[in-house]
Amino acid sequence: MDVDLYERRKKINDWLEKVYGDAVVPRMEVDERTLQILHDLKVKNERRDEDTLVYIEDLQQKSKEYTLEVQRISHILQGIGLSVSNLSPNGTVDLKGLVRIALLLELKDTSDTCYLLGMTKLSQKLSRVCDNRLSQQRVSQGVSDKCKSSMTKLNLLKRTLTKLNGQKEQQKSEIEDKAKKAVLLQGTTKGCRTQLQQLQAKLDKSRVVPGLLHETLVSKYQELDDLRRNLSYLRVKLKSYHSLPPVSTCILL
């Protein structure tokens, strides 16, 4: 395992020295994570360099093919006594246009077949671009719809939050009022309790007869009221006796 780590570190150092050239390689903390990151960068850069070399070789090959094609066409034109300088202005413009199109389409040569293949390839690329554009538009529309829905929900939440804050302030005010009333009632209750204790103490000192208490007086008043009603009933009954006619036997006696 240590040998593999040493080999990897040596390869990374060689790659860094190659990248920086004559410059000094910056100092860095060497650990497993750093080596892994540098190794991944090294692999990606080497692959990119390989792709670049292949692309350069392809361009060089095409340049050689274009040069040979130019020489061939020049040889044909010279064979019939015609050169590029002898072409009309329109012919020169058309020829330059064909060259630009060939370079744009990356054609192998200027034959009709290569032009058709290049146009077909370009049409296919255009079709892919259009498909990708439609796909991106659908994705963008979906994101836009979700954004609108999210904004609607956000506005609803804001309104709900504002309403709850208003209710909270109102409830807070009511709670404060109730707290104040509760404190006031506690003070009043405490005062009443104190007065009651004072009155009870005065009552105990005055040695009041229990019969004179309020409950006893009320009971005595009710008894007196009952006696008054009974007395009134007896008076009415006695009066009815007095209104009777006298008995003859009682008169004779």
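Residues numbered from 1 in each chain as written. Predicted model: local features only at pLDDT ≥ 70, side-chain atom pairs only at ≥ 80, totals over all residues. Heavy atoms only, no water.

A. Highlighting the environment of Asp40. Turning to its location among the elements, Asp40 is positioned in helix H2 (residues 32-79). As a C-alpha pair, Asp40 and Ile12 span 28 residues in sequence and 10.0 Å in three-dimensional space. (Helix = DSSP H or I, 4+ residues; strand = E, 2+ residues; numbered from the N terminus.)

B. The arrangement of the nonpolar core in detail. Residues Ile12, Trp15, Leu16, Leu35 and Leu38 constitute the largest nonpolar core, which totals five residues. Here this core gets three residues from one element, more than from any other, and that element is helix H1 (residues 2-20). (Core = buried A, V, L, I, M, F, W, Y, C linked by side-chain atoms within 4.5 Å. Buried < 20%, exposed > 50% of the residue type's maximum accessible area, 1.4 Å probe, protein only.)

C. Main features of a negative patch on the surface. A cluster of acidic residues, Glu169, Glu174, Glu176 and Asp177, forms a negative patch at the surface. Relative to the helices and strands, Glu176 is located in helix H4 (residues 112-206). Judged by its relative accessible area of 41%, Glu176 is partly exposed. (Patch = residues over 30% accessible without salt bridge, like charges linked within 9 Å, V, L, I, M, F, W, Y side chains within 5 Å. Areas by Shrake-Rupley, 256 points an atom, 1.4 Å probe, with all protein chains shown as cover. Salt bridge = Lys/Arg side-chain N within 4 Å of Asp/Glu carboxyl O. Lys, Arg positive; Asp, Glu negative; His and termini not counted. Charge placed at Lys NZ, Arg CZ, Asp CG, Glu CD.)

D. Up close: the pattern of salt bridges. This structure, assessed with the given rule, holds five salt bridges. Residues Lys62 and Asp58 are paired through a salt bridge, measuring 3.5 Å at the closest nitrogen-oxygen approach. Placement of both Lys62 and Asp58 in helix H2 is noted, with a separation of four residues, approximately one turn of the helix. According to the relative accessible area criterion, Lys62 is buried, its value standing at 16%.

E. Structural detail: the side chain of Lys42. By secondary structure assignment, the location of Lys42 is in helix H2. On the basis of relative accessible area, Lys42 is assigned to the buried category, the value being 12%.

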